[in-house]
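One letter stands for each residue in the lines below.
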Amino acid sequence: MKVRKNRRKLAAKRRRNARASARHRIPISKRDRQAGEWFMKLVALQARLRAPGGCPWDRQQTHQSLRKFLIEETYEVLDAMDSSDPEKFAGELGDLLLQVVFHSNIATEAGSFTISNVIESVHNKLIRRHPHVFGNVKASTPAEVLKNWEQLKAQERAADRASVSPGAGEKSAVPQADTAAESLLSGVPRSLPAVLEAYQMTRRAAHAGFDWESLEGILDKLEEEKRELQSVIGAPVAQSPNSQAARGAVATSHTNLEEEIGDLLFVAVNIARFLGADPEIALKKANGKFQRRFQWMETAAAREGRRFADLPRARMEELWNQSKAHDAEDTA
């Protein structure tokens, strides 16, 4: 029943897409044809691996079992991007592309959709969402483009809901007064990591005009959240979080503490977004920097014939400052 419903939905979307695509014929270059040939070879190769007599591991995989690989490949692409190695970057993008082909192959076997549906969907989506290129809409700045983009996404979600709405005599499983379905934020997946979820929600709200007017306003909000956190733990900001007073405050007001820390992190995400930085990537880089410096300290302690954990706190601080200087020299 679910497969038939998915097929009807896909068929309706394909008819809409076909009408939109027919109005826009984009020239195909020799480079495009070569890419298409290699793409067909990749699709055929993955189908062969899934076929009887193919690879036992590939044949065993499901959408669920591949989830972790999809996430891993995405982060490996980001690492390769930072490496400034074009060959490595291209290779990791290929691994990510394979995940798209793999999932589409599994869906084809189940009768849900095909790789052609995937490509057609994104092709026509790009045409629909660029009316300033393929239509008569005016958008002269990136901000105007993004604002139009969010409005078009909301219209598409409404159209999708209408295409699967119950017929006469059928009872809807979704309350008709569900205003959340009309929200600009309704398309943000709750399965995203918290930092990415906050980034996506505030980015959409900003595109609709709900944003701080200046960086100073967000920094003021950061100070406000710091003061609220301080009031919850009942200790000066400078007090060590490992002190007995701080630990006691944590134990007695865990719920309020989580809320205030969440507010503080939320503002930090907004600072990154407002400045045009991706907070997830920024935090990943900070994690990498901490790892490099901490491992340098461990190596330095080993050269002294000691375990890092056995060093006095004062020596740890000295090594930390030395690791920062060493890191700065390496990255200069």
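The notes below deal with the structure included here.

Here is what the cut-offs are and how they apply
- Residues numbered from 1 in each chain as written.
- Predicted model: local features only at pLDDT ≥ 70, side-chain atom pairs only at ≥ 80, totals over all residues.
- Heavy atoms only, no water.
- Salt bridge = Lys/Arg side-chain N within 4 Å of Asp/Glu carboxyl O.
- Helix = DSSP H or I, 4+ residues; strand = E, 2+ residues; numbered from the N terminus.
- Buried < 20%, exposed > 50% of the residue type's maximum accessible area, 1.4 Å probe, protein only.
- Contact = heavy atoms within 4.5 Å.
- Phe/Tyr/Trp six-rings, centres within 6.5 Å; stacked < 30°, edge-to-face > 60°.
- Core = buried A, V, L, I, M, F, W, Y, C linked by side-chain atoms within 4.5 Å.
- Expected span 1.5 Å × (residues − 1).

1. Notes on the pattern of salt bridges
- A complete count under the given rule lists 13 salt bridges for this structure.
- In this structure, aspartate 211 and arginine 273 form a salt bridge, with 2.8 Å as the shortest nitrogen-oxygen distance. Remark: arginine 273 occurs in helix H12 (residues 254-274) and aspartate 211 occurs in the loop between helix H9 (194-207) and helix H10 (215-233); sequence separation between them is 62 residues.
- What makes aspartate 211 partly exposed here is its relative accessible area of 31%.
- Among the residues examined, arginine 273 registers a relative accessible area of 12% and is labelled buried.

2. Points about the environment of threonine 114
- With respect to the helices and strands, the residue threonine 114 is situated in the loop between helix H5 (86-110) and helix H6 (115-128).
- Spatially, the C-alpha atom of threonine 114 lies 9.3 Å from that of histidine 103, the residues being eleven residues apart in sequence.
- Here threonine 114 is in contact with Ser104 and Thr108, once residues within four sequence places are set aside.

3. Considerations on the packing of aromatic side chains
- Enumeration according to the criterion identifies five aromatic pairs in this entry.
- Between tryptophan 57 and phenylalanine 102 the ring centres are 6.3 Å apart and the planes differ by 70°, which places this aromatic pair in the edge-to-face class. Of this pair, tryptophan 57 sits in helix H3 (residues 56-60) while phenylalanine 102 sits in helix H5, placing them 45 residues apart in sequence.
- Assessed through its relative accessible area of 41%, tryptophan 57 is described here as partly exposed.

4. Focus on the nonpolar core
- Membership of the largest hydrophobic core is limited to seven residues, which are Trp296, Met297, Ala300, Ala301, Phe308, Leu311 and Leu319.
- Among the elements that line this core, the one with the most residues is helix H13 (residues 279-303), at four residues.
- Those residues in contact with leucine 319 that lie beyond four places of it in its chain are Trp296, Met297, Ala300, Ala301, Glu304 and Leu311.

5. Observations concerning H9
- Taking 1.5 Å as the rise per residue, H9 with 14 residues should run 20 Å; its terminal C-alpha atoms sit 20 Å apart, in good agreement.
- Every buried residue belonging to H9 is among Leu196, Glu197, Ala198, Tyr199, Thr202, Arg204, Ala206 and His207, and all of these are buried.
- The first or second residue beyond H9 is glycine 209, which carries a positive phi of 100°.

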